[in-house]
Structures are given as structure tokens and as C-alpha cells.
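Understanding the architecture of this molecule
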Amino acid sequence: MALKPAAVAPTSSELEIEAARLADKGLAGLGYRDEELERAARLTWRINRLKKEQRAVIPAHVYQRPEILLGVADLVGDSYRLAKLCADADAKSIIFCGVRFMAETAKILSPDKEVLLPAPEAGCSLSESISAADVRALKKKHPGAPVAVYINTTAAVKAECDVVVTSANAPKILRKLFAEHEQVIFAPDAMMGKNLAKELGKKLGEELIIWEGTCIVHNNFDATSVEFYRKMYPGVKILAHFECTPALTSVVDYIGGTGDMMKWVADHKSSSYMLITECGLGDLARTKFPDKVFVPMCRLCPHMKSVTLERVLSALESPSAAQRIDVPAAVAARALRPIQRMFELSEDKASS
Ligand code: SF4
């Protein structure tokens, strides 16, 4: 059956069905009221139709708004998972619900697809903390040391490095680099660098050279409040993201990336859980594990939350020049190598 033109608004019964679908997907459980469900449904109905007509795929990072994750996203995950899924997606275009470095990574991996970033100004304090010139200077200062950069970096920075890592595979990849080198450079997240040095038993500044970038969300959680929450919620299991400060990660039950945190919750039985990271993960966890109790403790990332359903719709209906992601071919070719190296090193189970 041919689809109706997507610009046509849903009939009242179509709207009712779409609002009920969103409620069932988990938005009702997160406290969305009827009028909020209806407002979201008007947009998701149109986005989902346009998406099909245009053979577009919508990947969304777990820190996105619930109505995006549950209403229109085709692929949901952390940076590593999304990078892989985008490369394999059978689509003409990618509407990336996330921040700029993620959309750039998708473009590098899928040069033939059109990549659109609904919120073109969505940056990241980590990726903005370091430039390609900074990486070149680090390499000059520490000749022979391989450079591993966090995926939260620009394409130009990735182009200067040896391997890209994510919070899900950084310990594994750095272990492999240290097996062949006495010194490794890791940039730009200083907190993650410090956590990695501790986990790998390496001396900061001597064996592991780090950069002083920080995430504006994870750097601001207070380690001293952990004791208070343990008293307030006896038995609570506290999980923190790798980007949190070492003072905090040393007093929690588990540290890892967002995918690992979700897996840990799935694998453990506890009276309650606290996820110290961006609020999107807690929202997603509440819908994935409705029988588990999650104690609120999170912060919003203004960059991630700048993506809205209205902006996703605008990227599909009439994308602006600013929403189109373009990575110069020479930079993309050089940035592709360290991303592929990440896939090789993180999936090489035989040598893990
Ligand atoms: S949560 Fe932190 S690391 Fe993630 S996009 Fe926001 S500023 Fe960047």
C-alpha cells in the first residue's frame, strides 16, 4: 500500500494509536502526561513516515531524550555500538541524534551516505578541548609513543592518531599498546586517563601521558555524596561512568561506559541502583528494567539535549546546510585508519 505524503498530519485515530504506542514503549512509565504524548505523537508519526520514504536511518545515543530513543530511533547505543551499526546500515541517509563528533564518525565510516545532525551546534567539551595541532605537539614531545584518542574528538584529531578508543574498549586497547610500548599517549579526557592509569597500573605522566580535557557533565559529580546515598538507600549499587573523577570512581561498585553499565544492571540483582552519568541512561534503564529501582542521580548534557523531535523532523523535511555533515576526503581517509584499528583491536578476542 502506498504511503500518504508525510507532510499530511495524522488523522485523530492515527494520532491516538501513535500516542498509545509511545506510552507502551515506556514514555507513560517515565511520567509523560497525555498532552505530552499527543504532542510527541504528532511529530513521531511524521518522522517515522518520512524516514521510510527517504530510506533514512536514525541512530541515537543513549543520552538522547526519551521521546527520540523510544519514538523514532532505529539504532540505540553507546558511541562504539553506533559507529559499528552506522557503518553497516542499509540506508541512503543517516539522521544522527547525538553530537557533532558522532555524526562525523558516521560520515567517515559511511562516505556515500548523507549524514545530517539535527542540532548542528551540538558539540562536546571533550572534543573541543584538543586540536590536531595539539596532538602533533604531543607526538613531537613523546616520539615513538602511540597515540590513542577517545572517540569524543574531531575528525581532524582522529586523523593524527594511531587508534581510537571508547569507554567500552579503552582498557583492552591500551593494554595491547602497552604490551609493545613503554609509553602511550591518551587524550583528551584527563579523568578517564587517570582512571585508566589506575586500572592498568601505569605511572601518570611517565608511562601514560594524558591531556587535560574534561566532560562538563561527568567531571562535576561529588564523590563525598556517595557515602550519604549509601546510608539513605541501604544496599544500593552505585555505578559511575569512566569519565567521572578518580575520587568518585574509587568509591563506587562499578565503573565503565554506558553499555557496560546497562549490562552490569542486567546481570546483577540488587535492591536499587544509582547510575552516575547523564540522565538519559537512567531514563532508558527505567524502561528496559521496569522491575528494578533506580535512585535518581544524574546531570543533563546540554549538547545531547539540544536535539529535539522538531529538529529531527526539520532535518528530514528541509535540511539546512548547517545540518549536513561533511568531512574533507583527505581528513576522512586518515581518520578512518585509527577507527578501523579500534574495531580490529577491540574485537580480537584471541589476544584479549
Ligand atoms: S556528556 Fe560529556 S562527553 Fe558526552 S557529549 Fe556531553 S559533554 Fe561530551
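These numbers come from a predicted model, not from an experiment. (Residues numbered from 1 in each chain as written. Predicted model: local features only at pLDDT ≥ 70, side-chain atom pairs only at ≥ 80, totals over all residues. Heavy atoms only, no water.)

The subject of this paragraph is the overall build of the protein. Across its full length, the protein holds 15 helices and 13 strands. Its C-alpha radius of gyration of 21 Å places the protein within 12% of the 20 Å reference for a compact globule of 352 residues. The dimensions of the protein, computed from C-alpha atoms along their principal axes, are 65 × 55 × 35 Å. Counting only residues that meet the buried cut, the protein has 55% of its 352 residues in that class. Long-range contacts, defined as pairs at least 24 residues apart, comprise 64% of the intrachain contacts of the protein with a sequence gap of at least 6. Per element, the accessible surface of the protein, about 15500 Å² overall, is 53% carbon and sulfur. (Helix = DSSP H or I, 4+ residues; strand = E, 2+ residues; numbered from the N terminus. Rg over C-alpha atoms; globule rule 2.2 N^0.38 Å. Buried < 20%, exposed > 50% of the residue type's maximum accessible area, 1.4 Å probe, protein only. Contact = heavy atoms within 4.5 Å. Areas by Shrake-Rupley, 256 points an atom, 1.4 Å probe, with all protein chains shown as cover.)

Further remarks concern the packing of helix H4 (residues 79-88) against helix H5 (residues 100-109). Here H4 crosses H5 at 35 degrees, and the two axes come no closer than 9 Å. The way H4 lies across H5 gives a crossing that is right-handed. On H5, the residues touching Ser79, Ala83, Cys86 and Ala87 of H4 are Phe101, Met102, Thr105, Ala106 and Leu109. Counted by class, the contact of H4 with H5 contains seven nonpolar, two polar and no charged residues. (Axes fitted to C-alpha atoms, helices over the stretch in contact; angles between N-to-C directions. Left-handed = near helix turned anticlockwise from the far one by under 90°. Nonpolar A, V, L, I, M, F, W, Y, C, P; charged D, E, K, R; others polar.)

Turning next to the site of the ligand. Around the ligand, the structure places Tyr63, Cys124, Ser125, Leu126, Asn152, Cys215, Ile216, Val217, Glu243, Cys301, His303 and Met304. When the residues that make up the shell around the ligand are grouped by side-chain class, the tally is eight nonpolar, three polar and one charged. (Near = heavy atom within 4 Å.)

Scanning all chains against the criterion turns up one disulfide. Each disulfide pairs two cysteine sulfurs, and for cysteine 279 the partner residue is cysteine 298, the sulfurs being separated by 2.2 Å. Taking the sign of the torsion about the S-S bond as the criterion, the disulfide between cysteine 279 and cysteine 298, at about 95 degrees, is right-handed. Placement of the pair is cysteine 279 in helix H13 (residues 279-288) and cysteine 298 in strand E13 (residues 298-299), with a sequence separation of 19 residues. Taking the relative accessible area as the measure of exposure, cysteine 279 reaches 13% and is therefore buried. The thiol of cysteine 97 is not disulfide-bonded; the next cysteine sulfur, from cysteine 86, is found 11 Å away. On the accessibility criterion, cysteine 97 (0% relative accessible area) is buried. (Disulfide = S-S within 2.5 Å.)

Proximity of charged atoms lets side chains of opposite charge pair with each other. Going through the model one piece at a time under the given rule, you end up with 21 salt bridges. In this structure, glutamate 317 and arginine 46 form a salt bridge, with 2.5 Å as the shortest nitrogen-oxygen distance. Of the two residues, glutamate 317 sits in helix H14 (residues 309-317) while arginine 46 sits in helix H2 (residues 34-54), which places them 271 residues apart along the sequence. A residue is classified by how much of its surface remains accessible, and glutamate 317, at 37% relative accessible area, is partly exposed. Of the residues examined, arginine 46 reaches a relative accessible area of 23% and is grouped as partly exposed. Glutamate 199 is the partner of arginine 175 in a salt bridge, and the nearest nitrogen-oxygen pair spans 3.8 Å. (Salt bridge = Lys/Arg side-chain N within 4 Å of Asp/Glu carboxyl O.)

Let us now look at the pairing of strand E6 (residues 147-150). Side chains Val147 and Val149 project from E6 onto one buried face, and the interleaved Ala148 and Tyr150 project onto a second face that is buried too. Across three bridges, E6 lies against strand E8 (residues 184-187) in parallel orientation. Bridge assignment links valine 147 to a residue of E8, and that residue is isoleucine 185. Both E6 and strand E7 (residues 163-165) contribute to a ladder of three bridges, which runs parallel. Across the sheet, the residue bridging to tyrosine 150 is valine 165, located in E7. (Pairing = 2+ DSSP bridges.)

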